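Single-letter residue listing:
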Amino acid sequence: MPTEPLPTFPPGFRWGVATASYQIEGAVAEDGRGPSIWDTFCATPGKVADGDTGDVACDHYHRWEDDLDLMQRLGVQAYRFSVAWPRVIPDGTGAVNARGLDFYDRLVDGLLARGIEPYATLYHWDLPQPLQDAGGWPWRGIVEPFVAYADAVTRRLGDRVRGYATLNEPWCSAHLGYGFGEHAPGLRDLAQALQASHHLLLAHGAALPAMRANAPAARHGIVLNLYPTFPASDAPADAAAARRFDGFFNRWYLDPLLRGRYPDDMWAAYGADAPAVEDGDLEVIARPLDFLGVNYYSRSIVAADPGPQGLSMAPPPADAERTEMGWEVYPQGLTELLVRLDRDYDLPPVFITENGAAYPDAPGADGRVDDADRVRYLERHVAALADALGQGVDVRGYFAWSLMDNFEWSHGYAKRFGLVHVDYATQARTPKRSARWYADFIARQPAVAAEAPA
Ligand code: FCB
C-alpha cells in the first residue's frame, strides 16, 4: 500500500482518540442514571436502524479499565470522552447523583495513572429526558440547569481534566434534533431548531465562569462540526447557495462565539424563524475561549434549487472516494477549513476533536481487521493537518474518531468508525490495522513534554 511520508508535528502536539457517553457506555439504568432523550428516541419504532439502542453499547461502563489499558498500549496521549448528564443529575435539575460522578472520577484517575490526558465534553447529546419534557433546548429555562450541571462536573473533576468542552456539535443538537427529526428528540421545525441553537450557545457561555472557577488550570472551549462549503458550479446562483449553506452550518455558530453577533445575512434569511435573543445574550455567548474544537469529516457541495430551501446538496465528483456513510473523502478540506478559520476569525488555539471514517470492517480468517481504507484516510488527513500548521494555523492536538466501533446514532451499530473493532456479541475488542498504524505514527512523533498550565 502506498504511504505518505509521515509528517512530524511540534513537540507537545497531542494525539488522542475520542468517544461519547451514550455511544459506548451502556449501563443505562445503573447507579442512578436517569433516562435521556436518546433512550426515548431509540425506543421509538423506526427512529434507529435495526431498532438498535445504547442499552449495552460497548459496555464501557463495566469495561473501562480494559479500554484504558488498550489506549495505553496504543500509546494514545489524550482521550476525549463525554460525561452523561443523566448520570450526574438524573432529573436534569436538582440533586447531584454522586455515583454518576464517581464513574468519571475513576475514569479520570485511571487515565492519569496511565499517562493519558483527559479531555471531557459536557454535552454530547444525551439530554436528561425530564428537561426535554420541560421544553428541551428551545426552552430558555434550560440554561440554568446546564450551568448547574457544568458546575457539578467541573467541581468534582477539576483540573485533573486538561480540557473541557461545553458542547459537542450544537448544529447537530439543534438541527438534527429539532429541525430535521433525525436525532433525538426527533422534532421537525426550523424555528424551534434555531431557538435551540441560541439556547445551546447561551448555555455554553453561561457555564464558562463556573467552569473556570472550578478548574482554573484547565482549558475551556466548545466543539463545532464545520464543513468547508463549495458551490456546485461557477454560476452566481450556486455561489449564493453555497454562501447561504455556509451561513446555516458554519457561520451561525462561529460568528456569535467569535464575533459576538449572528451573521446579518442569515438573520435576514430566517425572517420570522430567527430566534428570540435577549439583551446581553451575545456578550455571554462570546466569552473568550481557550480553544475551539473542530470536528472534520468531509466537505459540502451546494447548488441553487427551486425548492423551498433554495438550495440542495450536490453529489461529490464522480471519481470521488466515499466512506461507508457516503461522505466524500476530501482531506484537503481540513487544510482549507483551518486556513479559512484563521483568516476570518480571531481564532483561539484549535484542537481537531474528531476526524475519522466508517468502513464495513470485519475480521478476516486470521482474526485480523485489515482496514487499509481507514489507514489511508487517517494518513491523508494527518498530512492535511500538517499543511495547515505549515500555513501558520495554531492547532494543538488531534483526536481520531473513534477509539472503537460504537453506537452511531440513527445508524445504530451498522456503521463502524473505530480504530478498534468491537464484536457486539462478545464485546471482544480487536485493534484494527489502523490502530496499529496510529500507534506507530504516535511513537514516531517528538516526545511529549509535560505541558505548562494554561
Ligand atoms: C459526529 C459525532 C460523533 C460521531 C461522528 C461520526 O457528528 O460528534 O458522535 O457520531 O460524527
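Within every chain, residues take consecutive numbers counted from 1 along the sequence as written. Local features in this predicted model are restricted to residues of pLDDT 70 or higher, and side-chain atom pairs are both shown and tallied only at a pLDDT of 80 or more, whereas totals for entire chains, interfaces and linings draw on every residue. Side-chain metrics rest on all non-hydrogen atoms present in the structure, leaving aside hydrogens and water.

Peer 1: Sorry, what's going on with unusual backbone geometry here?
Peer 2: A negative phi holds for most residues other than glycine; trans holds for most peptide bonds. Put simply, Ala-184 and Pro-185 share a cis peptide bond, and its omega is 5°. For helices the rule is a DSSP run of H or I covering at least 4 residues; for strands it is a run of E covering at least 2, with both sets numbered from the N terminus onward. For Pro-185, the location among the structural elements is in the loop between α8 (170–179) and α9 (190–214). The step from Trp-401 to Ser-402 runs through a cis peptide bond, and the omega angle for that step is 10°. For Ser-402, the position within the fold is in the loop between β11 (395–401) and β12 (420–423). Phi at Asp-50 takes a positive value of approximately 60°, unusual for a residue other than glycine. As for its position among the elements, Asp-50 is in the loop between α2 (37–42) and α3 (60–74). The backbone of Trp-409 sits at a positive phi, close to 50°, despite the residue not being glycine. Mapped onto the elements, Trp-409 comes out in the loop between β11 and β12.

Peer 1: Explanation requested: the layout of surface pockets in the structure shown.
Peer 2: One simple way to see leftover space: roll a probe sized like a water molecule over the atoms. The rule is simple: put a 1 Å grid over the protein atoms alone, call a set of points where a 1.4 Å probe fits but cannot get out a cavity, call an open set with protein on both sides within 12 Å along at least five of seven lines a pocket, and count a residue as lining if it has an atom within 4 Å of a point. Grid points are joined across faces, edges and corners, and a volume is the space filled by probe spheres set on the points. The volume enclosed by the largest pocket comes to roughly 1300 Å³. If you trace the largest pocket, you find 49 residues lining it, with Trp-171, Leu-176, Tyr-227, Phe-245 and Phe-249 closest to the centre. Elements with a contribution of two residues or more to the lining of the largest pocket: α8, α10 (236–259), α11 (264–270), β8 (300–304) and β9 (311–313). Here the lining of the largest pocket gets five residues from one element, more than from any other, and that element is α8.

Peer 1: Can you walk me through the site of the ligand in this structure?
Peer 2: With respect to spatial proximity, the complete set of residues near the ligand consists of Gln-23, His-124, Trp-125, Asn-168, Glu-169, Tyr-297, Glu-354, Trp-401, Glu-408, Trp-409 and Phe-417. N or O atoms closer than or at 3.5 Å make up a polar contact, with two conditions inside protein: a donor-capable atom paired with an acceptor-capable one, and, for residues adjacent in sequence, both atoms drawn from side chains. A distance of 2.9 Å separates an oxygen atom of the ligand from a polar side-chain atom of Asn-168. Per-residue accessibility takes into account occlusion by the displayed protein chains alone, with areas from the Shrake-Rupley method and a 1.4 Å probe. Summarising the interface, the protein chains cover 94% of the accessible area of the ligand, which totals 290 Å² for the free molecule. Only Asp, Glu, Lys and Arg are considered charged in this grouping, and only Ala, Val, Leu, Ile, Met, Phe, Trp, Tyr, Cys and Pro are considered nonpolar; every other residue, Gly among them, is considered polar. When its residues are assigned to classes, the shell around the ligand shows five nonpolar, three polar and three charged. Each residue is tested against the molecule or strand, and it is near if at least one of its non-hydrogen atoms lies within 4 Å.

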